[in-house]
Each structure stands twice: as structure tokens, then as C-alpha cells.
Amino acid sequence: MAVQMSVTRRGFVKGAAVAGAAGVLAGAGFGSWSGLVEDAQAAESVKDDAVSVIPSACRQCYGRCTINGYVKNGVLERIEPIDGFYSEGTVCSKAYSIFDQIYSPLRIVYPMKQVGERGKGQWKRITWDEAWDTIVSEFEDARQNYGGKTLMYNNGTARDQFNIHCLQKLFHDMGSVGGFGVGSICKMGGDFVQKAVVGNPCTWSNWDSTKSNAIIFWGHGLFADGAYTASMVERAKERGAKFIVIDPRYTAASRIADVWVPLRPGTDIAIALCLIRGLLEANGMDEDFVREWTDSGFLVNPDTGRLLKESDVREGGSAMKYFVWDKTSSSLQSWDAEALQWSAEGVVPEIFGTYEAFGLSCQTGLQALADIAKEWTIAKTSEVTWVEPDTLQQLIDTYIECSPGVSISRGQKPDNNNNASGLSQAMNIIMALAGNYEVEGGNWIKATQPFMPYALFHAATPFPPEKVHMLENLDELAFNGPTAKIYGQEWGYPYSAVKILRTFEPFEPRVIWNANSNPVMMLTASKDVQEVLNRIHFHVSADFFLNATTEIADIFLPALMPNEVDRVEFPTNNPGYPANQTVVCRQPFVDPPGECMDEVDMIFELAKRLKVDMHWKDKYDFYDFQLKPAGVKWKEFKESVHRVVIEKVSYGKHKTGGLRMDKRPGFQTSTGKVNIFCDELEAFGNGPLPFYIEQVNSPLTEPALYGEGKGEYPIILITGGRVHQYFHTEYRESERMRVIHPYPMVDINPATAERFGLKEGDWVSIESRYGSCRQVCHITNEVREEMIHAEHGWWYPELSRDEGMHGSWVSNINMVFPPPDEIPYDPATGALPYHMLVKISKSDMPEGIVRSSEEFELFSPRFDESGAASFIDPDNVAAESAARNGGGE
Ligand SMILES: Nc1nc2c(c(=O)[nH]1)N[C@H]1C(S)=C(S)[C@@H](COP(=O)(O)OP(=O)(O)OC[C@H]3O[C@@H](n4cnc5c(=O)[nH]c(N)nc54)[C@H](O)[C@@H]3O)O[C@H]1N2
Ligand SMILES: Nc1nc2c(c(=O)[nH]1)N[C@H]1C(S)=C(S)[C@@H](COP(=O)(O)OP(=O)(O)OC[C@H]3O[C@@H](n4cnc5c(=O)[nH]c(N)nc54)[C@H](O)[C@@H]3O)O[C@H]1N2
Ligand code: SF4
Ligand SMILES: [Mo]
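Owing to the predicted nature of the structure, the values given are computational and were not obtained by experimental measurement.

A. Local environment of the overall build of the protein. A tally of helices and strands in the protein yields 32 helices and 29 strands. For the protein, the proportion of its 889 residues judged to be buried stands at 65%. Just so you have it, the protein exposes about 29,500 Å², and 49% of that area is on carbon and sulfur atoms.

So, in C-alpha cells, the structure goes:
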């Protein structure tokens, strides 16, 4: 699958022709991808002696595929994949946006400040010294006169783990509780739940396709990671493994699934509960594991609804002693979660039933779960989820047949649910009941993450007094609502960030540092989010481009791009192959343009100026520390090693002490066992056991709007299925990506298209009671009649700031949602659904956006005669950006 591609204009034009022949609007799937591969193969390779070949990694998505950069006279000419660990010599189309991004004429390469009213586009170039002086004075003012908690930061999704964690370290040490970003939208909620239930996150990436008997992709797609994921799954299938996909759409993953579960969006917990019921009724459990390693047999106190503890029944009793009914001695016995010991030898807990204890009639935790699950018969689940009964039965049978040795790989959609915590808990329960944790082919659990900057920072640097104060006074601070307690102020909780900025209650945030993120586009109700974000006194954004978020900053800092910096890199998302923790070297292909700076260096510089101790001298000092387990130093790693295995995955660690910080057998949880019945989740909201909640804005919660598919808003909209050319809002200024995938596409079933008079390629208005946007109709059987799927992250860099913030309100699907602080969220994780009831109608092509392949040339890199690239003039951005807009009629 190795592909090569010239980055010359010639290669590009060929690409355009290929993509054109395939039909520019023919779908965002493999079709368009293969267009690029053909282009790559057709392109000439530029090899000569003056070319240096630099091994590095791609960071255009989470994949971190290993690539070589071919550089001539200081200019990147070509990239090609290297046969690295997980990437197996593959790259995807986004890798070819590297060149377009680095040399984009729209790139900002000097620090700028906004003169005049913020958001009006009056930018002026400033020196780094002026930038630092202003930033430091504003930060000091906020810290000293308003308190560290009034400092906010935003880091978006995990583009660059290291700069995100440096940022968090700096802000937390200053006493900030203010993550703005995407945490509760993406992964953090699921992680929190897994920490409470099994002790550590494990269903995103800790799976091994080479061993699994069955792999479940739960709301997870094949375009969200590298091309290698598809190969991994294919090979697993060839080996005889079953592939199960739980997804409303017939995606590239669904297409190769043995069992495809096409559920009604947002009904995942019903599927999970039905699977739990099936497991229990068919005795599909691993009983030994369940009795010994889970809290299934712990008795539940009917008065408190929580696990019965010694402190409930005896003055001065321990809150860490739980009770079970022992099958061997037919007596009440206890489990001491501090000593990790039973009260007697050979205790075998009953896991089902109701038992008398201290005058109370107590169910076991598993019995309580069984009572919830029993209502989720095949018939009822089918009625609620719209999945055929046979498919549900097949799901249960396959899961039982293949266990132990089944792994779950989950995507982000399970986190976008009013009961995301319940769903995550249910997934973990399914895994635990069937004995699928810590066995080959299942999901493994890590006690520590030996090379994650986050873990290293926290292990090496004690909490400063401000942070300890914050942790002890969360209710008083209340900024992030219950979720603050959950994450210990990591990442962000959009609903509470928006709320505090809207109300300035319980305090007024004063400054924000935004990097790696475009929250205006990515949160619901983008225009409102922009207005609210603009209430902050002082805003610094570090980015490459001006967009709806960076346009409202006071100061713009020009960041270096992924292939212009040194990093120890690792894939964050989903490499279930091979089961090793590997790191690769990401090093620059080219020198920094203008005065761009590595954002990590920016953070260390800011820390120095604000007198915050970052513990390490600089990034290289940190890298040496990070690489210690591999026995190499950064210099050697960069010069000759390039890729190393840091940790080999092992199984059965709960038996050997490998899962707990104190190295005793068991799990790193409150009970020392897997918390099937989870008191902690009860304390945060939706718990202690998973239960079904019908989602907000669904056909059942809004029957009048939906009207059984005949109401005013008769269609279920789902959003944000990943596409191969874009990473969220990124690469819309890449000529290569836009030629292949020029406009956002909304997938519509043929019958629905006919009903609303729509043809392939028509522009469609998608409208909810909150707002609307326009995308291009793609007619496909991949979605059922009742629903449509729209792409997310669309803006138009070809439009100027005056044209709706570079077209941010035109095709951006988040325009159809209410503001995040108005959407009911999961109380434990702060998660919000990205589903909505909408209507659709034929519309027109938006004014001013690029209309033909030739017009995409406005994005082409420009080099002068000396070979230097030219970038937008920082003193003239508004005029240059307006002049660019020649595309409309
Ligand atoms: N409707 C809908 N909305 C969604 C989703 C969905 O599925 N549907 N998905 C959600 C999810 S899962 C997530 S994670 C969020 C993502 O939301 P965000 O992480 O906010 O994503 P972007 O908007 O793409 O922000 C990326 C910005 O960071 C800049 N950038 C990239 N690399 C760097 C770097 O190294 N340094 C600096 N300083 N800047 C950099 C880019 O130029 C760009 O402007 O969106 C969420 N929004
Ligand atoms: N190319 C590309 N790759 C990316 C990103 C990107 O923007 N572009 N974003 C990155 C980020 S931040 C993230 S979080 C990951 C996300 O990674 P994934 O979550 O794996 O993303 P998708 O491939 O969109 O797969 C999600 C699937 O969930 C389905 N779905 C929608 N609603 C529901 C539902 O209610 N229940 C279930 N079970 N399924 C549902 C969608 O149809 C879709 O196919 O991708 C990462 N990788
Ligand atoms: S999968 Fe991600 S890391 Fe790999 S080549 Fe594509 S964009 Fe780059
Ligand atoms: Mo995400």
C-alpha cells in the first residue's frame, strides 16, 4: 500500500483530474481516497543527490504514521510512508495536506495584535517582546487581582499531547480550574467512568487485533485512525475473528462486519442492557472472574441505594468493608478493600439473590443489575432501537461464543449521550462479566502510562497549594459543576465554560489561552459561543490561521506546524496493533518560517516569565526523561533510533499486582475489584448501575416535532462521522484536500431525497428549531430513511472575515444546535448529544465559495525566485483576505 506523491503542482493537477473523473461529489469514502492513491502513483518521484530524506511522523490526525520527508534546498518536496510500527507503510490522504499547510499563503507567520475593536480584523504585526509583555501583564493582573482561577485555557482535541499537557501543567500550577474545550464531548467522560469501574481507561486503544476472537467497533469508524486500522481488522477477519459494528450507518466498517447493529441513534444503552441480559440468562459469564474479581456479590443497602458498608451498620465501622453472602459457609462475610482481604478463608460470594444482613434485606449488586437488564428483552430492545430481533440475538450469541477474547474499540459517539456514563459503565460491565479484561484478545488495562506526558508530569510534580485548595473546594468554585470533580480540572467542559462566561457566575474569567482548538466551530450553537467567548477580557490564540475563534483574539501567536518541531510521538487513539506501546520521533522537515515558534517553547517561555516551575528545563530535558524506559536519550533517538518499544503489553496483571499503584493484586478502584455496582457513579449522578435514558431531541422525547416522521422536524440528524480528508475544521485551506472533497456532504437515503425533491449534488438546507446550515446532497443507502448524516467542521478559508467569519456560519452543522449550556448533559461526565431533529429542503450554493478545481489555485503555495514561500502580510490581512474572494458570482 506504499504510495509516493510529488508535491509539485503537476502531481497535484493529475490528482484533480483523477478525483474529477471519480466525481468530485461522489462520496467522502474510499472512492475519493483511492483517487489520491492513483494520483500518488502517477506522480513522478523527485530523487536526486541534493535531496535529504528525513524520517519523522505525520500528525495530521491521531495516527502518527511514520513518514519520510524529502527536502531539497530547504523546501519539502515530497513525503512517503515508512514501514513503521503500527502504520505498516501506509498513509492516508490527509498526509498530503502537510505541504499545503506548511506553505499555505494564508498562514500567519508573525505575532499580531488586534488594534481597534476586537473581532473587526484590524491586525497589526508586533514583536515577540511586545506579545510577551502584554500577555504577562494581563496574566499577572488576572492572577494577582482576580485569582488564579480566572485564568482559562483551551486545548481542543489531542493534536499534540505534549503541548496540551504542558499547558495544563502551567495553568494548574497557577490555580486555574478553567478548561474550556472538548473533554466532556470526547473521551474524557468515558475515561472517567472506566477509572471508576476498572481502574483505568482501556476501551479506546487497549486492544489487540492479532489475538481477538471478536472485535467490536462501538460507534467507531475506520476513517478515524490510520489506514492501518482497516488492515488490522481485515487480517483479524482472515484469521477467523468476528467483526461486530454498532453504528446506525452502513459505513466502511459496517460493510466488512460479520454482525452490523444498525441502531437508532442514541439508543446504545438499550443494546448494552440487552447484551447484559443475554449474557446473564444464557450463563455467558466467566463466573470465576465475576466472583473473585468483581464486586458483583457485594450486598446493596436498600436504605441508601449504595453498597452496604460496615460504617452503615456499626458505630465507627469501616467505610471500606463490604459484605457478601458466602456460599461455602452460608454466612455473612466481609471484604476489606483496604487490606484487600476476605474476613475468612475460602469465601465464595453468592452473586445473585437477596440476603438478610443486619436486619436489612439486601440484593447483591449483580442481582440489582439483572433486575434492570431483564426488561431489555429482544422484543423491547428491537422496538426501542429499531434493530431487527435476529441481529440482536446474533450479537449476543457471537459475543458469548467468542468470549473470553473479545475486545471493544469505542469511538466518540458513545460519549455524546445524555447518559454517557451509564453507557460506558455498561460496556465495562459487559467486558467484565464475560471475562474479557486482561486476557489475550480482550482489552488490557494499564496501571501507569509510562510515556504519556500527562502521567509523567503528574507523577513528577507535586500539586501546588493552589491546586490542593481547588481540589478541596470544588463546590465553592463550582465553575465546572460536577464534572470538575471528575477530571481534576483536566481538559474542559463546554457547557460550564459557556455558562460561566455568559453569566460571570460564580466569578468572572479574565483571560484565555486558546491553542489547538477552534471552539467556536466545534461546540454547539457556534455564533452564540463566539459571542460568549468574546466576553472575556483578554484572549490569546496560538494557531496557524485566522478563523472564527482566532479572529476574536487580542493577540495571535504563530505556532509551528507538526512537521516543523521535535517531539516524542505516540498514537493516541487506536492502534490495537501490535500490542506494544511504541514511540516514534517526529522531527522537522523544514526550518521555521517567519517568526513561528514551537508552542511548547511558548509555554516554557511563558512559565519562565510568570515564574512557574515546569520541573523540566525545556522540552529536551523532558524528552530524555520520557525516553528513559527505552534506554535512549533524545539526541540519539532523533539521530539514529527513530522508533522504540517502551512497554510490552502483558495480561493477567490483576493477579500479579500489575494494575495497582501499590503493586498488590486487584484493580485500582475503590473496592479493589471491578465495580459493576459503582457507588462513585451514583455520587456523580447517573448510577450506581446503568439505565436507559431516551435522548433529548429524539423522536420519542419530541413526538410532536417528529410526528412519526411526518411532523415539522421529521428527520433524525446525526453529525460528525469522520472523513478521510479532514481533521475537524482542519485542511479546508489545503488545495489537495479541497479538490478531492470540495464541499460538506449530507448523506440522504434515496427515498428521503425523493420525498423532499432532492437530487445528488443539490445544496440542501438542514434546519432545526434552533438554526440552519447548508450542505451538498449525497444520496446513499448508507443511512436509513428516517435519518441523515451531516459532516462537521466546515468553514471556507476562501471567504474573508467579513463574510461570516470566513464562512463559519454557512455549512457548519453546529449551527443547528442550541448552546451547550442549554442541552441536558450527563451529570457525571458533562457529555452532550450531537443529534437533532431537523427538516431538509433544496437550497442554493453559498455565495463566494470556490466553484471549480481551477479556483482552488488560490490556496496554492507561492514561492519567489529564491525559493522562499510567501505568506499573508500580517499588517494587511483583512485586505488580502477580502481580495482572495473572487470565487463568487
Ligand atoms: N457536530 C459535531 N461537532 C463536533 C464533533 C462531532 O462529531 N459532531 N466532534 C467533537 C470532537 S470529538 C472534538 S475532539 C472537537 C474538536 O474540536 P477542536 O479540537 O477545537 O478542533 P478544531 O476546530 O479542528 O481546532 C483545531 C485548531 O487548532 C489548530 N492547530 C492544529 N494543530 C495545532 C498545533 O500544533 N498548535 C496550535 N497552536 N494550533 C494547532 C488548527 O489550525 C485549528 O484552528 O469537536 C467536536 N465537535
Ligand atoms: N479523519 C479524521 N479522523 C479523526 C478525526 C477527524 O476529524 N477526521 N477526529 C478525531 C477525533 S477528535 C475523534 S474523537 C475520533 C472519533 O473517532 P470515531 O468516533 O471512531 O469517529 P467516526 O469514524 O466518525 O465513527 C463514529 C461512528 O459513530 C456512528 N454513530 C453516530 N451516532 C451514533 C450512535 O448514537 N450510536 C452509535 N453506536 N454510533 C453512532 C457514526 O455513524 C460513525 O460512523 O476520530 C479522530 N480521528
Ligand atoms: S492516518 Fe493520520 S497520521 Fe496517518 S497519514 Fe493519515 S493523517 Fe497522517
Ligand atoms: Mo474527539
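B. Broad picture of the nonpolar core. Counting residues in each nonpolar core, the largest one holds 152 residues, and the members touching the most others are Leu-76, Phe-139, Phe-180, Trp-513, Leu-557 and Ile-766. Val-197, Val-324, Ala-432 and Cys-678 belong to the second-largest nonpolar core, a separate cluster that totals 76 residues.

C. Molecular detail of the environment of Leu-659. As for its position among the elements, Leu-659 is in the loop between helix H26 (653–656) and helix H27 (679–684). Sequence-wise, Leu-659 and Gly-199 are 460 residues apart; in three dimensions their C-alpha atoms are separated by 8.0 Å.

D. Examining the site of ligand 3 more closely. Lining the immediate surroundings of ligand 3 are Cys-58, Gln-60, Cys-61, Gly-63, Arg-64, Cys-65, Val-91, Cys-92, Lys-94, Ala-95, Asp-225 and Gly-226. Along the lines of polarity and charge, the residues of the shell around ligand 3 split into six nonpolar, three polar and three charged.

E. Summary view of empty space enclosed by the protein. This model, assessed by the stated rule, comprises six cavities of 30 Å³ or more. Within this model, the largest cavity holds a volume of roughly 560 Å³. Surrounding the largest cavity, 46 residues form its lining, Arg-159, Asn-516, Ser-517, Asn-518 and His-728 being those nearest its centre. Class assignment of the residues belonging to the lining of the largest cavity gives a composition of 18 nonpolar, 16 polar and twelve charged.

F. Focus on the sheet that holds strand S26 (residues 763–767). The strand order around the closed barrel built from six strands is S24-S28-S25-S27-S26-S29, with neighbouring strands paired in mixed fashion. Across the sheet, the mean angle from the axis of one strand to that of its neighbour is 45 degrees, orientation sign disregarded. Both strand S24 (residues 715–719) and strand S28 (residues 787–790) contribute to a ladder of four bridges, which runs parallel. Within the sheet, the bridge partner assigned to Ile-716 lies in S28 and is Met-787.

G. Region of interest: the pattern of salt bridges. If you walk through the whole model with that rule in mind, you get 49 salt bridges. One salt bridge connects Arg-586 with Asp-160, and the closest N-O pair in it is separated by 3.2 Å. Here the residue Arg-586 occupies a position in strand S22 (residues 580–586), and Asp-160 occupies one in the loop between strand S7 (151–154) and helix H5 (161–173), the gap between them amounting to 426 residues. Residue Arg-586 shares its accessibility class with Asp-160, and that shared class is buried. A single salt-bridge network, built from bridges that share partners, covers Arg-59, Arg-64, Asp-160, Arg-567, Glu-569, Arg-586, Asp-598, Asp-601 and Lys-619.

H. Up close: the pairing of strand S4 (residues 75–81). Among the seven residues of S4, six are classified as buried, and the element is accordingly described as predominantly covered. Both strand S3 (residues 66–72) and S4 contribute to a ladder of six bridges, which runs antiparallel. Bridge pairing links Gly-69 to Ile-79 in S4. The turn joining S3 and S4, which pair antiparallel and follow one another in sequence, is formed by two residues; a positive phi near 50 degrees is taken by Asn-73.

I. Structural context of the site of ligand 2. Around ligand 2 sit 32 residues in total, of which His-220, Asp-247, Asp-268, Gln-412 and Tyr-726 are the nearest. Between ligand 2 and Gly-219 there is a distance of 3.4 Å, counted from an oxygen atom to a backbone nitrogen or oxygen. Within the backbone of Phe-223, one N or O atom sits 3.2 Å away from a nitrogen atom of ligand 2. For ligand 2, whose accessible area on its own is 900 Å², the fraction buried by protein is 99%.

Conventions and cut-offs
Along each chain, residues carry numbers from 1 onward, in the same order as the chain's sequence is written. To label them, take the chains in the order written and letter them from A, then take the ligands in the order written and number them from 1. Reporting in this predicted model follows two pLDDT cut-offs: at least 70 for local features of residues, and 80 or more for side-chain atom pairs to be given and counted; totals over whole chains, interfaces and linings ignore these cut-offs and use all residues. As a rule here, side-chain values come from all non-hydrogen atoms in the structure, and water together with hydrogens is ignored. Here a helix means four or more residues in a row that DSSP labels H or I, a strand means two or more in a row labelled E, and each is numbered from the N terminus. Relative accessibility decides the category of a residue: with a 1.4 Å probe and only protein chains considered, values under 20% of the type maximum give buried, values over 50% give exposed, and everything between is partly exposed. Only the protein chains shown count as cover for residues, and all accessible areas are computed by the Shrake-Rupley method using a 1.4 Å probe. Remark: nonpolar core denotes a set of buried residues (Ala, Val, Leu, Ile, Met, Phe, Trp, Tyr, Cys) joined through side-chain atoms within 4.5 Å. By convention in this text, a residue qualifies as near a molecule or strand provided that one of its non-hydrogen atoms is within 4 Å of it. The nonpolar class holds Ala, Val, Leu, Ile, Met, Phe, Trp, Tyr, Cys and Pro. Asp, Glu, Lys and Arg form the charged class, and all remaining residues, Gly among them, are polar. Here the term cavity refers to a set of points on a 1 Å grid, laid over the protein atoms alone, in which a 1.4 Å probe fits but cannot get out; the term pocket refers to an open set having protein on both sides within 12 Å along at least five of seven lines, with lining residues being those that place an atom within 4 Å of a point. Grid points are joined across faces, edges and corners, and a volume is the space filled by probe spheres set on the points. When DSSP finds two or more bridges between a pair of strands, those strands are recorded as paired. Interaxial angles span 0 to 180 degrees and are taken between N-to-C directions of axes, which are lines fitted to C-alpha atoms, for helices over the stretch in contact. What makes a salt bridge here is a side-chain nitrogen of Lys or Arg within 4 Å of a carboxyl oxygen of Asp or Glu, nothing more. Contacts described as polar in this section are N or O atom pairs within 3.5 Å, which, within protein, must combine one atom able to donate a hydrogen with one able to accept it, while residues neighboring in sequence count only if both atoms come from side chains.

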